[in-house]
Amino acid sequence: MATPIDVVIMAAGKGTRMKSSLPKVLHRLGGKALLAHVIECAASVSARKAVVITGHGAETVEAACTRLTQAAAGPDSRLELQFARQEPQLGTGHAVQQALPLLADDGVTLVLSGDVPLTQPATLEALIAQCDGQRLALLTLTMADPTGYGRIVRAQAHASEPLRAGTAASAQVRAIVEHKDANAAQREIREIYSGIMAVPTHLLRAWLARLDNKNAQGEYYLTDIVKFAVADGVAVVAHQITDAAQVAGVNSPVQLAELERVHQSRSAVALMEQGVRLADPARLDVRGKLSCGQDVEIDVNCVFEGAVSLGDGVRIGANCVIANCAIAAGAVIHPFTHIDGEKLGVQIGEGALIGPFARLRPGAQLGAEVHIGNFVEVKNATLAKGAKANHLAYLGDATVGERVNYGAGSITANYDGANKHRTVIEADVHIGSNCVLVAPVTIGAGGTVGGGSTITKSTPPDSLSVARGKQISLPNWKRPVKVAKG
(Lines give C-alpha, C1' and ligand atoms only; values in the text may rest on other atoms or scores of the structure.)
Protein backbone atom coordinates (compact mmCIF):
# COMPACT_ATOMS: atom_id res chain seq x y z
CA MET A 1 0.00 0.00 0.00
CA ALA A 2 1.09 3.59 -0.64
CA THR A 3 0.69 4.56 3.01
CA PRO A 4 2.78 2.51 5.45
CA ILE A 5 0.84 0.55 8.08
CA ASP A 6 2.03 0.40 11.67
CA VAL A 7 0.16 -1.89 14.05
CA VAL A 8 -0.33 -1.23 17.74
CA ILE A 9 -1.33 -4.34 19.68
CA MET A 10 -2.89 -3.94 23.12
CA ALA A 11 -1.41 -6.64 25.35
CA ALA A 12 -1.06 -5.01 28.76
CA GLY A 13 -4.13 -6.39 30.51
CA LYS A 14 -3.89 -8.68 33.51
CA GLY A 15 -6.59 -11.13 32.47
CA THR A 16 -7.81 -11.68 36.02
CA ARG A 17 -10.76 -13.81 34.95
CA MET A 18 -8.46 -16.31 33.27
CA LYS A 19 -7.35 -17.31 36.80
CA SER A 20 -3.90 -18.18 35.52
CA SER A 21 -0.31 -17.13 36.12
CA LEU A 22 0.18 -17.12 32.33
CA PRO A 23 -0.49 -13.71 30.73
CA LYS A 24 -3.81 -13.76 28.95
CA VAL A 25 -2.44 -13.08 25.47
CA LEU A 26 -0.21 -16.17 25.70
CA HIS A 27 -3.09 -18.59 26.24
CA ARG A 28 -3.51 -20.81 23.18
CA LEU A 29 -6.23 -21.07 20.57
CA GLY A 30 -5.87 -23.47 17.67
CA GLY A 31 -2.42 -24.42 18.94
CA LYS A 32 -1.09 -20.84 18.89
CA ALA A 33 -0.98 -18.07 21.45
CA LEU A 34 -3.76 -15.51 21.10
CA LEU A 35 -1.10 -12.89 20.46
CA ALA A 36 0.42 -15.02 17.68
CA HIS A 37 -2.89 -14.92 15.77
CA VAL A 38 -2.91 -11.12 16.00
CA ILE A 39 0.73 -10.81 14.92
CA GLU A 40 0.05 -13.12 11.98
CA CYS A 41 -2.85 -10.93 10.95
CA ALA A 42 -0.63 -7.82 11.19
CA ALA A 43 1.96 -9.45 8.95
CA SER A 44 -0.72 -10.45 6.45
CA VAL A 45 -1.70 -6.81 5.83
CA SER A 46 1.97 -6.01 5.11
CA ALA A 47 2.49 -3.90 8.20
CA ARG A 48 5.99 -2.52 8.48
CA LYS A 49 5.98 -2.49 12.29
CA ALA A 50 4.12 -4.03 15.21
CA VAL A 51 4.32 -2.24 18.56
CA VAL A 52 3.16 -4.53 21.34
CA ILE A 53 2.01 -2.66 24.45
CA THR A 54 2.82 -4.75 27.51
CA GLY A 55 2.04 -4.29 31.19
CA HIS A 56 1.07 -7.21 33.42
CA GLY A 57 3.54 -10.02 32.81
CA ALA A 58 5.48 -7.72 30.48
CA GLU A 59 8.76 -9.63 30.69
CA THR A 60 7.06 -12.95 29.97
CA VAL A 61 5.09 -11.52 27.04
CA GLU A 62 8.09 -9.76 25.53
CA ALA A 63 10.29 -12.84 25.89
CA ALA A 64 7.70 -14.92 24.05
CA CYS A 65 6.89 -12.31 21.44
CA THR A 66 9.99 -12.56 19.25
CA ARG A 67 9.51 -16.31 18.92
CA LEU A 68 5.82 -15.81 18.21
CA THR A 69 6.59 -13.23 15.53
CA GLN A 70 9.04 -15.50 13.74
CA ALA A 71 6.55 -18.36 13.78
CA ALA A 72 3.44 -16.33 12.94
CA ALA A 73 4.82 -13.87 10.42
CA GLY A 74 7.17 -16.31 8.70
CA PRO A 75 10.90 -16.17 7.98
CA ASP A 76 10.48 -13.84 5.00
CA SER A 77 8.36 -11.26 6.80
CA ARG A 78 9.74 -7.74 7.12
CA LEU A 79 7.54 -6.97 10.11
CA GLU A 80 9.56 -5.06 12.70
CA LEU A 81 8.68 -5.83 16.31
CA GLN A 82 8.95 -3.31 19.14
CA PHE A 83 7.57 -2.99 22.66
CA ALA A 84 6.09 -0.21 24.76
CA ARG A 85 5.38 -0.63 28.47
CA GLN A 86 2.15 0.66 30.02
CA GLU A 87 2.75 0.95 33.74
CA PRO A 88 0.35 1.61 35.36
CA GLN A 89 -2.65 0.79 33.16
CA LEU A 90 -4.73 3.97 32.87
CA GLY A 91 -6.97 3.10 29.94
CA THR A 92 -6.82 2.40 26.22
CA GLY A 93 -5.88 5.95 25.27
CA HIS A 94 -3.05 5.91 27.77
CA ALA A 95 -1.89 2.61 26.31
CA VAL A 96 -1.60 3.96 22.77
CA GLN A 97 0.15 7.07 24.11
CA GLN A 98 3.00 4.78 25.20
CA ALA A 99 3.46 3.59 21.61
CA LEU A 100 3.49 7.05 20.04
CA PRO A 101 7.27 7.61 20.28
CA LEU A 102 7.73 4.48 18.13
CA LEU A 103 5.29 5.54 15.40
CA ALA A 104 6.19 7.64 12.36
CA ASP A 105 3.80 10.34 11.17
CA ASP A 106 3.89 9.16 7.54
CA GLY A 107 1.83 6.06 8.30
CA VAL A 108 -1.56 4.77 9.35
CA THR A 109 -1.84 3.26 12.81
CA LEU A 110 -3.94 0.09 13.00
CA VAL A 111 -5.02 -0.61 16.58
CA LEU A 112 -5.62 -4.28 17.46
CA SER A 113 -6.14 -6.23 20.67
CA GLY A 114 -3.85 -9.08 21.66
CA ASP A 115 -6.78 -11.10 23.00
CA VAL A 116 -8.91 -10.90 19.83
CA PRO A 117 -7.55 -13.78 17.73
CA LEU A 118 -10.00 -14.39 14.89
CA THR A 119 -9.98 -11.11 12.98
CA GLN A 120 -9.49 -11.84 9.28
CA PRO A 121 -6.92 -10.06 7.08
CA ALA A 122 -9.60 -9.17 4.51
CA THR A 123 -11.54 -7.33 7.21
CA LEU A 124 -8.50 -5.30 8.21
CA GLU A 125 -7.65 -4.55 4.58
CA ALA A 126 -11.17 -3.20 4.07
CA LEU A 127 -10.85 -1.06 7.20
CA ILE A 128 -7.50 0.32 6.05
CA ALA A 129 -9.03 1.12 2.66
CA GLN A 130 -11.82 3.05 4.40
CA CYS A 131 -9.20 5.03 6.28
CA ASP A 132 -7.36 5.81 3.04
CA GLY A 133 -4.65 7.66 4.93
CA GLN A 134 -6.94 10.56 5.81
CA ARG A 135 -10.00 9.35 7.74
CA LEU A 136 -10.62 7.76 11.12
CA ALA A 137 -12.02 4.30 10.34
CA LEU A 138 -13.74 2.18 12.98
CA LEU A 139 -14.62 -1.50 12.81
CA THR A 140 -18.17 -1.89 14.12
CA LEU A 141 -20.75 -4.60 14.66
CA THR A 142 -24.46 -4.69 15.48
CA MET A 143 -25.21 -6.91 18.48
CA ALA A 144 -28.50 -8.12 19.91
CA ASP A 145 -27.08 -7.54 23.39
CA PRO A 146 -24.47 -4.76 23.34
CA THR A 147 -24.04 -4.63 27.12
CA GLY A 148 -20.53 -3.65 28.12
CA TYR A 149 -19.50 -2.32 24.71
CA GLY A 150 -18.93 1.23 23.56
CA ARG A 151 -21.86 2.47 21.43
CA ILE A 152 -21.53 4.10 18.02
CA VAL A 153 -23.43 7.39 18.11
CA ARG A 154 -24.41 8.63 14.66
CA ALA A 155 -25.83 11.86 13.37
CA GLN A 156 -28.91 10.32 11.73
CA ALA A 157 -32.22 10.15 13.55
CA HIS A 158 -32.36 6.38 13.94
CA ALA A 159 -28.89 5.71 15.20
CA SER A 160 -29.81 2.27 16.50
CA GLU A 161 -30.64 0.92 13.05
CA PRO A 162 -27.71 -0.93 11.49
CA LEU A 163 -26.37 -0.05 8.09
CA ARG A 164 -25.77 -2.68 5.46
CA ALA A 165 -22.76 -4.78 6.49
CA GLY A 166 -19.48 -3.68 5.00
CA THR A 167 -20.58 -0.15 4.16
CA ALA A 168 -18.84 3.04 5.19
CA ALA A 169 -20.82 5.81 6.82
CA SER A 170 -18.57 8.74 6.02
CA ALA A 171 -18.92 11.65 8.51
CA GLN A 172 -21.99 10.03 10.12
CA VAL A 173 -20.30 8.78 13.28
CA ARG A 174 -20.24 11.47 15.93
CA ALA A 175 -18.93 9.68 19.01
CA ILE A 176 -18.27 6.43 20.81
CA VAL A 177 -19.84 6.32 24.25
CA GLU A 178 -18.59 3.70 26.68
CA HIS A 179 -21.31 1.60 28.31
CA LYS A 180 -20.71 2.98 31.81
CA ASP A 181 -20.97 6.55 30.52
CA ALA A 182 -23.98 5.99 28.25
CA ASN A 183 -27.42 7.37 29.06
CA ALA A 184 -30.57 5.29 28.71
CA ALA A 185 -31.15 6.28 25.08
CA GLN A 186 -27.54 5.56 24.11
CA ARG A 187 -27.69 2.14 25.74
CA GLU A 188 -30.45 1.25 23.29
CA ILE A 189 -27.97 1.61 20.43
CA ARG A 190 -26.95 -1.84 19.17
CA GLU A 191 -24.03 -0.85 16.95
CA ILE A 192 -20.85 -1.26 18.96
CA TYR A 193 -17.18 -0.39 18.56
CA SER A 194 -15.04 -3.50 18.22
CA GLY A 195 -11.83 -2.02 19.65
CA ILE A 196 -10.21 -2.01 16.20
CA MET A 197 -9.49 1.20 14.29
CA ALA A 198 -7.28 2.62 11.56
CA VAL A 199 -6.21 6.24 11.86
CA PRO A 200 -3.57 8.51 10.24
CA THR A 201 -0.74 8.62 12.75
CA HIS A 202 -0.16 12.37 12.61
CA LEU A 203 -3.82 12.97 13.48
CA LEU A 204 -3.74 10.32 16.21
CA ARG A 205 -0.77 12.03 17.83
CA ALA A 206 -2.61 15.35 18.09
CA TRP A 207 -5.82 13.80 19.37
CA LEU A 208 -4.14 11.68 22.04
CA ALA A 209 -2.57 14.84 23.46
CA ARG A 210 -6.07 16.18 24.14
CA LEU A 211 -7.37 13.20 26.14
CA ASP A 212 -8.56 13.50 29.72
CA ASN A 213 -9.95 11.03 32.25
CA LYS A 214 -13.18 12.77 33.17
CA ASN A 215 -15.44 9.76 32.87
CA ALA A 216 -17.07 7.05 34.96
CA GLN A 217 -13.95 4.89 35.07
CA GLY A 218 -11.39 7.67 35.52
CA GLU A 219 -9.46 6.38 32.51
CA TYR A 220 -8.06 7.84 29.30
CA TYR A 221 -10.34 6.43 26.60
CA LEU A 222 -8.94 5.91 23.11
CA THR A 223 -12.53 6.20 21.87
CA ASP A 224 -12.60 9.90 22.82
CA ILE A 225 -10.56 10.68 19.71
CA VAL A 226 -13.77 10.29 17.70
CA LYS A 227 -15.20 13.51 19.11
CA PHE A 228 -11.90 15.27 18.42
CA ALA A 229 -12.00 14.09 14.80
CA VAL A 230 -15.56 15.38 14.44
CA ALA A 231 -14.58 18.71 15.99
CA ASP A 232 -11.63 19.00 13.59
CA GLY A 233 -13.75 18.21 10.55
CA VAL A 234 -12.06 14.86 9.88
CA ALA A 235 -14.39 12.22 8.48
CA VAL A 236 -15.15 9.31 10.79
CA VAL A 237 -16.24 6.20 8.90
CA ALA A 238 -17.48 2.83 10.12
CA HIS A 239 -16.75 -0.46 8.42
CA GLN A 240 -19.53 -2.67 9.76
CA ILE A 241 -19.29 -6.46 9.74
CA THR A 242 -21.74 -9.17 10.80
CA ASP A 243 -19.27 -11.83 11.96
CA ALA A 244 -19.09 -11.38 15.73
CA ALA A 245 -16.33 -13.96 16.17
CA GLN A 246 -13.88 -11.71 14.32
CA VAL A 247 -14.05 -9.13 17.09
CA ALA A 248 -14.67 -11.42 20.08
CA GLY A 249 -12.14 -11.10 22.86
CA VAL A 250 -11.00 -13.68 25.38
CA ASN A 251 -11.45 -12.79 29.04
CA SER A 252 -12.12 -16.19 30.63
CA PRO A 253 -11.54 -19.91 30.02
CA VAL A 254 -15.18 -20.16 28.98
CA GLN A 255 -14.75 -17.55 26.25
CA LEU A 256 -11.50 -19.16 25.14
CA ALA A 257 -13.24 -22.52 24.77
CA GLU A 258 -16.12 -20.94 22.85
CA LEU A 259 -13.76 -19.29 20.38
CA GLU A 260 -11.78 -22.51 20.05
CA ARG A 261 -14.89 -24.28 18.81
CA VAL A 262 -15.64 -21.43 16.38
CA HIS A 263 -12.09 -21.62 15.06
CA GLN A 264 -12.20 -25.41 14.71
CA SER A 265 -15.60 -25.32 13.03
CA ARG A 266 -14.29 -22.87 10.44
CA SER A 267 -11.20 -24.99 9.86
CA ALA A 268 -13.41 -28.04 9.32
CA VAL A 269 -15.65 -26.22 6.86
CA ALA A 270 -12.62 -24.97 4.91
CA LEU A 271 -11.25 -28.52 4.66
CA MET A 272 -14.58 -29.95 3.51
CA GLU A 273 -14.91 -27.22 0.90
CA GLN A 274 -11.56 -28.45 -0.46
CA GLY A 275 -12.97 -31.97 -0.72
CA VAL A 276 -11.77 -33.55 2.53
CA ARG A 277 -14.22 -36.05 4.00
CA LEU A 278 -14.61 -35.59 7.74
CA ALA A 279 -16.56 -38.24 9.64
CA ASP A 280 -17.73 -35.55 12.07
CA PRO A 281 -16.66 -31.90 11.62
CA ALA A 282 -17.37 -31.23 15.31
CA ARG A 283 -14.73 -33.78 16.36
CA LEU A 284 -11.65 -32.39 14.63
CA ASP A 285 -8.88 -30.21 16.07
CA VAL A 286 -6.38 -28.47 13.82
CA ARG A 287 -3.74 -26.77 15.95
CA GLY A 288 -1.41 -25.71 13.20
CA LYS A 289 -1.45 -25.97 9.40
CA LEU A 290 -3.09 -28.97 7.74
CA SER A 291 -2.88 -29.33 3.97
CA CYS A 292 -4.70 -32.14 2.16
CA GLY A 293 -4.74 -33.64 -1.31
CA GLN A 294 -7.77 -35.14 -3.02
CA ASP A 295 -9.95 -37.86 -1.49
CA VAL A 296 -8.53 -37.57 2.01
CA GLU A 297 -10.65 -39.14 4.76
CA ILE A 298 -10.36 -38.23 8.45
CA ASP A 299 -12.24 -40.11 11.15
CA VAL A 300 -13.38 -38.66 14.50
CA ASN A 301 -11.36 -37.20 17.37
CA CYS A 302 -8.17 -36.54 15.39
CA VAL A 303 -5.74 -33.80 16.40
CA PHE A 304 -3.31 -32.19 13.95
CA GLU A 305 -0.50 -30.01 15.26
CA GLY A 306 2.33 -28.06 13.66
CA ALA A 307 2.69 -28.57 9.90
CA VAL A 308 0.96 -31.68 8.55
CA SER A 309 0.45 -32.61 4.90
CA LEU A 310 -1.74 -35.47 3.70
CA GLY A 311 -1.36 -36.74 0.13
CA ASP A 312 -4.10 -37.94 -2.20
CA GLY A 313 -6.22 -40.75 -0.83
CA VAL A 314 -4.75 -40.74 2.67
CA ARG A 315 -7.03 -42.20 5.35
CA ILE A 316 -6.68 -41.22 9.00
CA GLY A 317 -8.37 -43.47 11.56
CA ALA A 318 -10.13 -42.34 14.70
CA ASN A 319 -8.35 -40.88 17.72
CA CYS A 320 -5.01 -40.13 16.06
CA VAL A 321 -2.64 -37.35 17.12
CA ILE A 322 -0.41 -36.22 14.26
CA ALA A 323 2.16 -33.42 14.41
CA ASN A 324 4.83 -32.17 12.00
CA CYS A 325 4.47 -34.96 9.50
CA ALA A 326 4.21 -35.50 5.74
CA ILE A 327 2.10 -38.48 4.71
CA ALA A 328 2.28 -39.54 1.07
CA ALA A 329 -0.55 -40.67 -1.19
CA GLY A 330 -2.49 -43.79 -0.34
CA ALA A 331 -1.11 -44.23 3.17
CA VAL A 332 -3.43 -45.44 5.89
CA ILE A 333 -3.03 -44.34 9.50
CA HIS A 334 -5.03 -46.72 11.67
CA PRO A 335 -6.77 -45.59 14.88
CA PHE A 336 -4.97 -44.44 18.02
CA THR A 337 -1.68 -43.74 16.24
CA HIS A 338 0.59 -41.01 17.68
CA ILE A 339 2.97 -39.24 15.30
CA ASP A 340 5.11 -36.29 16.37
CA GLY A 341 7.97 -35.16 14.19
CA GLU A 342 8.88 -32.13 16.33
CA LYS A 343 11.78 -30.30 14.61
CA LEU A 344 13.10 -33.29 12.61
CA GLY A 345 9.75 -34.19 11.09
CA VAL A 346 8.28 -37.55 10.14
CA GLN A 347 7.95 -38.80 6.54
CA ILE A 348 5.56 -41.60 5.59
CA GLY A 349 5.77 -43.06 2.09
CA GLU A 350 3.09 -43.98 -0.43
CA GLY A 351 0.83 -46.83 0.52
CA ALA A 352 2.31 -47.25 3.98
CA LEU A 353 0.17 -48.81 6.71
CA ILE A 354 0.64 -47.40 10.22
CA GLY A 355 -0.97 -48.56 13.46
CA PRO A 356 -3.23 -49.03 15.24
CA PHE A 357 -1.54 -47.88 18.45
CA ALA A 358 1.75 -47.07 16.70
CA ARG A 359 4.12 -44.29 17.71
CA LEU A 360 6.35 -42.45 15.26
CA ARG A 361 8.85 -40.03 16.78
CA PRO A 362 11.15 -37.35 15.31
CA GLY A 363 13.30 -38.48 12.41
CA ALA A 364 11.17 -41.47 11.40
CA GLN A 365 11.47 -41.76 7.62
CA LEU A 366 9.28 -44.51 6.21
CA GLY A 367 9.40 -45.56 2.56
CA ALA A 368 6.60 -46.77 0.32
CA GLU A 369 4.51 -49.72 1.53
CA VAL A 370 6.16 -49.86 4.93
CA HIS A 371 4.08 -51.52 7.65
CA ILE A 372 4.30 -50.31 11.24
CA GLY A 373 1.88 -52.20 13.43
CA ASN A 374 0.38 -52.06 16.89
CA PHE A 375 2.61 -50.97 19.76
CA VAL A 376 5.61 -50.36 17.51
CA GLU A 377 7.75 -47.27 18.18
CA VAL A 378 10.08 -45.75 15.56
CA LYS A 379 12.52 -42.93 16.33
CA ASN A 380 15.24 -41.42 14.11
CA ALA A 381 15.10 -44.44 11.84
CA THR A 382 14.81 -44.97 8.10
CA LEU A 383 12.78 -47.89 6.76
CA ALA A 384 13.07 -48.66 3.04
CA LYS A 385 10.28 -49.85 0.76
CA GLY A 386 8.30 -52.80 1.99
CA ALA A 387 9.93 -53.11 5.41
CA LYS A 388 7.63 -54.39 8.15
CA ALA A 389 7.54 -54.18 11.93
CA ASN A 390 4.08 -55.39 12.77
CA HIS A 391 4.01 -55.97 16.52
CA LEU A 392 5.41 -54.78 19.84
CA ALA A 393 8.80 -53.53 18.67
CA TYR A 394 11.24 -50.62 18.92
CA LEU A 395 13.40 -49.21 16.12
CA GLY A 396 15.59 -46.31 17.23
CA ASP A 397 18.60 -44.84 15.41
CA ALA A 398 18.35 -47.49 12.73
CA THR A 399 18.66 -47.88 8.98
CA VAL A 400 16.40 -50.65 7.70
CA GLY A 401 16.61 -51.98 4.16
CA GLU A 402 13.90 -53.08 1.73
CA ARG A 403 11.61 -55.98 2.58
CA VAL A 404 13.01 -56.45 6.08
CA ASN A 405 10.71 -58.31 8.48
CA TYR A 406 11.25 -57.17 12.06
CA GLY A 407 9.84 -59.57 14.65
CA ALA A 408 7.52 -58.94 17.56
CA GLY A 409 9.20 -57.90 20.78
CA SER A 410 12.51 -57.01 19.11
CA ILE A 411 14.42 -53.80 19.87
CA THR A 412 17.48 -51.87 18.80
CA ALA A 413 19.54 -51.11 21.91
CA ASN A 414 20.77 -47.76 20.68
CA TYR A 415 21.87 -46.06 23.91
CA ASP A 416 24.87 -47.08 26.02
CA GLY A 417 24.09 -44.70 28.84
CA ALA A 418 26.10 -41.84 27.35
CA ASN A 419 25.87 -41.93 23.56
CA LYS A 420 23.49 -43.05 20.81
CA HIS A 421 24.65 -45.63 18.25
CA ARG A 422 23.16 -46.77 14.97
CA THR A 423 21.89 -50.16 13.88
CA VAL A 424 21.97 -51.10 10.18
CA ILE A 425 19.66 -53.87 8.98
CA GLU A 426 20.32 -54.55 5.31
CA ALA A 427 17.77 -55.62 2.68
CA ASP A 428 15.76 -58.86 2.99
CA VAL A 429 16.80 -59.52 6.59
CA HIS A 430 14.45 -61.46 8.91
CA ILE A 431 14.68 -60.57 12.58
CA GLY A 432 12.99 -63.15 14.82
CA SER A 433 10.84 -62.35 17.82
CA ASN A 434 12.27 -60.98 21.08
CA CYS A 435 15.68 -60.07 19.70
CA VAL A 436 18.02 -57.35 20.99
CA LEU A 437 20.32 -55.70 18.45
CA VAL A 438 23.03 -53.92 20.45
CA ALA A 439 24.29 -50.96 18.44
CA PRO A 440 26.55 -50.25 16.70
CA VAL A 441 25.88 -53.35 14.67
CA THR A 442 25.11 -54.32 11.06
CA ILE A 443 22.93 -57.27 10.05
CA GLY A 444 24.08 -58.36 6.60
CA ALA A 445 21.70 -58.54 3.64
CA GLY A 446 19.52 -61.61 3.45
CA GLY A 447 20.46 -62.71 6.94
CA THR A 448 18.26 -64.23 9.61
CA VAL A 449 18.45 -63.62 13.34
CA GLY A 450 16.94 -66.39 15.41
CA GLY A 451 14.25 -65.50 17.90
CA GLY A 452 15.40 -64.52 21.37
CA SER A 453 18.92 -63.61 20.24
CA THR A 454 21.02 -60.77 21.63
CA ILE A 455 23.28 -59.65 18.78
CA THR A 456 26.38 -57.69 19.79
CA LYS A 457 28.52 -58.23 16.67
CA SER A 458 27.81 -57.57 13.01
CA THR A 459 26.63 -60.57 11.01
CA PRO A 460 27.60 -61.60 7.45
CA PRO A 461 25.08 -61.62 4.60
CA ASP A 462 22.81 -64.62 4.05
CA SER A 463 23.66 -66.15 7.42
CA LEU A 464 21.64 -67.46 10.35
CA SER A 465 22.72 -65.83 13.58
CA VAL A 466 21.63 -67.21 16.94
CA ALA A 467 22.87 -65.82 20.26
CA ARG A 468 21.04 -67.30 23.21
CA GLY A 469 21.54 -69.84 25.97
CA LYS A 470 21.23 -73.52 25.10
CA GLN A 471 17.83 -74.97 25.97
CA ILE A 472 17.77 -77.68 28.58
CA SER A 473 14.87 -79.76 29.95
CA LEU A 474 14.94 -81.50 33.34
CA PRO A 475 12.60 -84.52 33.43
CA ASN A 476 10.33 -85.13 36.35
CA TRP A 477 11.08 -81.74 37.90
CA LYS A 478 8.71 -80.63 40.59
CA ARG A 479 7.89 -77.03 41.35
CA PRO A 480 8.30 -75.98 44.98
CA VAL A 481 5.10 -76.05 46.97
CA LYS A 482 4.05 -73.73 49.73
CA VAL A 483 4.51 -75.22 53.20
CA ALA A 484 1.45 -74.85 55.38
CA LYS A 485 2.05 -72.85 58.53
CA GLY A 486 1.19 -74.12 62.04
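Residues numbered from 1 in each chain as written. Predicted model: local features only at pLDDT ≥ 70, side-chain atom pairs only at ≥ 80, totals over all residues. Heavy atoms only, no water.

A. Fine view of the overall build of the chain. Counting its secondary structure elements, the chain contains eight helices and 36 strands. A compact globule built from 486 residues should have a C-alpha radius of gyration of about 23 Å, whereas the chain, at 31 Å, is more than 25% larger. Expressed along its principal axes, the backbone C-alpha trace of the chain runs to roughly 105 × 65 × 40 Å. Entry remark: accessible area of the chain is about 22,500 Å², with carbon and sulfur atoms responsible for 51%. (Helix = DSSP H or I, 4+ residues; strand = E, 2+ residues; numbered from the N terminus. Rg over C-alpha atoms; globule rule 2.2 N^0.38 Å. Areas by Shrake-Rupley, 256 points an atom, 1.4 Å probe, with all protein chains shown as cover.)

B. Structural view of the nonpolar core. In this structure, Ile298, Leu310, Ile316, Ile348 and Ile372 are the most contacted members of the largest nonpolar core, which totals 54 residues. Here Ile372 is in contact with Leu353, Ile354, Gly355, Ala358, Leu360, Leu366, Val378, Leu383 and Ala389, once residues within four sequence places are set aside. Residues Val7, Ala42, Leu124 and Ile128 belong to the second largest nonpolar core, which totals 39 residues. (Core = buried A, V, L, I, M, F, W, Y, C linked by side-chain atoms within 4.5 Å. Buried < 20%, exposed > 50% of the residue type's maximum accessible area, 1.4 Å probe, protein only. Contact = heavy atoms within 4.5 Å.)

C. Main features of helix α3 (residues 92-99). Gly93, His94, Ala95, Val96 and Ala99 are the residues of α3 that are buried. Packing partners of the buried residues in α3 comprise β1 (5-11), β4 (49-54), β5 (80-85) and α6 (201-208).

D. Empty space enclosed by the protein, seen in detail. In the structure shown here, the tally under the stated rule is one cavity of 30 Å³ or more. Its volume calculated, the largest cavity comes out at about 50 Å³. As for the largest cavity, its lining consists of His37, Val38, Cys41, Leu112, Ser113, Val116, Pro117, Thr119, Leu124 and Ile196. Mapped by element, the contributors of at least two residues to the lining of the largest cavity are α1 (34-44) and β6 (108-113). (1 Å grid on protein atoms, 1.4 Å probe; cavity = no way out; pocket = protein on both sides within 12 Å on 5 of 7 lines; lining within 4 Å. Points joined across faces, edges and corners; volume = space filled by probe spheres on them.)

E. Structural context of the side chain of Lys49. Inspection of the secondary structure puts Lys49 in strand β4. No salt bridge is formed by the buried Lys49. Its closest oppositely charged neighbour is Glu80, at 4.5 Å. A distance of 2.6 Å separates a polar side-chain atom of Lys49 from the backbone oxygen of Leu102. Discounting residues that sit within four places of it in the chain, Lys49 has contacts with Ile5, Asp6, Val7, Leu79, Glu80, Gln82 and Leu102. (Lys, Arg positive; Asp, Glu negative; His and termini not counted. Salt bridge = Lys/Arg side-chain N within 4 Å of Asp/Glu carboxyl O. Polar contact = N/O pair within 3.5 Å; in protein donor to acceptor, adjacent residues only side chain to side chain.)

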